[in-house]
Structures are given as structure tokens and as C-alpha cells.
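In case you want the letters, here they are:
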Amino acid sequence: MIQRITRSVGQLMTRDPLVIGEAAPLLDAAELMDTFDVTGLPVVAEDGGVVGVISQTDLVRAAASRHLWSGWPGLVVRHLMTSPAITVTPETGLDEAARLMEREHIHRLVVVGSDGRTPVGVLSMTDLVRMLVEDDGD
């Protein structure tokens, strides 16, 4: 039986997320994801505000289009990122967050601070699945 999730995003999110600048080369994004074993990164503007998300899927699509990846030497994160980022706050309920991910067909939400722009965490589908498994084991 599936129970209602009563916790908040702030209780489950990964805090202090890795981020990447919108002007960073795509290879930098790929290396960060590989090194830290993450599937996506919030993309920030120069002022630190979140402007989008770049995922492994975005990178694989670009790599599959060899002419895009190699034929455009100035290709940077802002050219492939999904924008705007879909964001929530730490106070958002996990039920609401899960519904938002499902409705938007996305695998992660950027969690923003009280200013509504600064990324303070990331909530991924993996986090939700892990919570469901742990809760079922209790």
C-alpha cells in the first residue's frame, strides 16, 4: 500500500549542490557529472542565481549529434541547458514535489533559498525512490 509522503523537500534534498556556470564548456559539465557521479547540475548565472539545469541526457543528445558537438567549438552549457529550471523551496512537501516532477517529465528539482534564486539543494527521482525503499523497510 502506498502511503502519503508527509515529509518536506528540505528533509530529503542533497544540500549544497554542485553547480556549473552557464558559460562553462560542455566538457566541464560532463567531467563534473562523471567525477561526482551525478546525473544533472543546476546552471547558475554570474550572480549565482539558478537559470537552468543541464543533464546527462542533454550531453548525450549533443554527443549523438557529432556535427553539433564538434562543429560548434563555442558550445557552452547555456546552449543545451533546460531553462528555466523547475524550482521548489525546502518547505515544499515531497508529495507536491513528486507530482511536479511527474507533470513536467523531469528527474530533478532545484531547491532554492528564500531569495527564490540561489540553489541550496537538489531533489532527484533517485532521492525519492531511495526514501520509498527505506520507508518500506521500517
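Predicted model, so just to flag it, every value in this text is computed and none were measured.

Participant: I would appreciate a short explanation of the pattern of salt bridges in the present structure.
Facilitator: It is possible for side chains bearing opposite charge to pair when their charged atoms get close. Throughout the structure, instances matching the rule amount to 3 salt bridges. Measuring nitrogen to oxygen at the nearest pair gives 3.9 Å for the salt bridge that ties Glu104 to Arg103. Exposure remark for Glu104: the relative accessible area of 35% places this residue in the partly exposed category. With a shortest N-O distance of 3.3 Å, Arg130 and Asp127 are connected by a salt bridge. On the criterion of helical spacing, the pair formed by Arg130 and Asp127 is a turn pair, its members being 3 residues apart in helix α7 (residues 125-137).

Participant: I tried to follow the sheet that holds strand β3 (residues 40-44) on my own but got confused; where do I start?
Facilitator: By way of backbone hydrogen bonds, the strands of a sheet pair with one another, either parallel or antiparallel. On the basis of which strands lie adjacent, the open sheet formed by 3 strands has the order β2-β3-β4 and mixed pairing. Edge strands, defined here as strands with exactly one partner in the open sheet, are β2 (20-21) and β4 (50-55). The sheet contact formed by β3 and β4 spans 5 bridges and is antiparallel. Paired with Pro42 across the two strands is Val53, which belongs to β4.

Conventions and cut-offs
Residues numbered from 1 in each chain as written. Predicted model: local features only at pLDDT ≥ 70, side-chain atom pairs only at ≥ 80, totals over all residues. Heavy atoms only, no water. Salt bridge = Lys/Arg side-chain N within 4 Å of Asp/Glu carboxyl O. Buried < 20%, exposed > 50% of the residue type's maximum accessible area, 1.4 Å probe, protein only. Helix = DSSP H or I, 4+ residues; strand = E, 2+ residues; numbered from the N terminus. Pairing = 2+ DSSP bridges.

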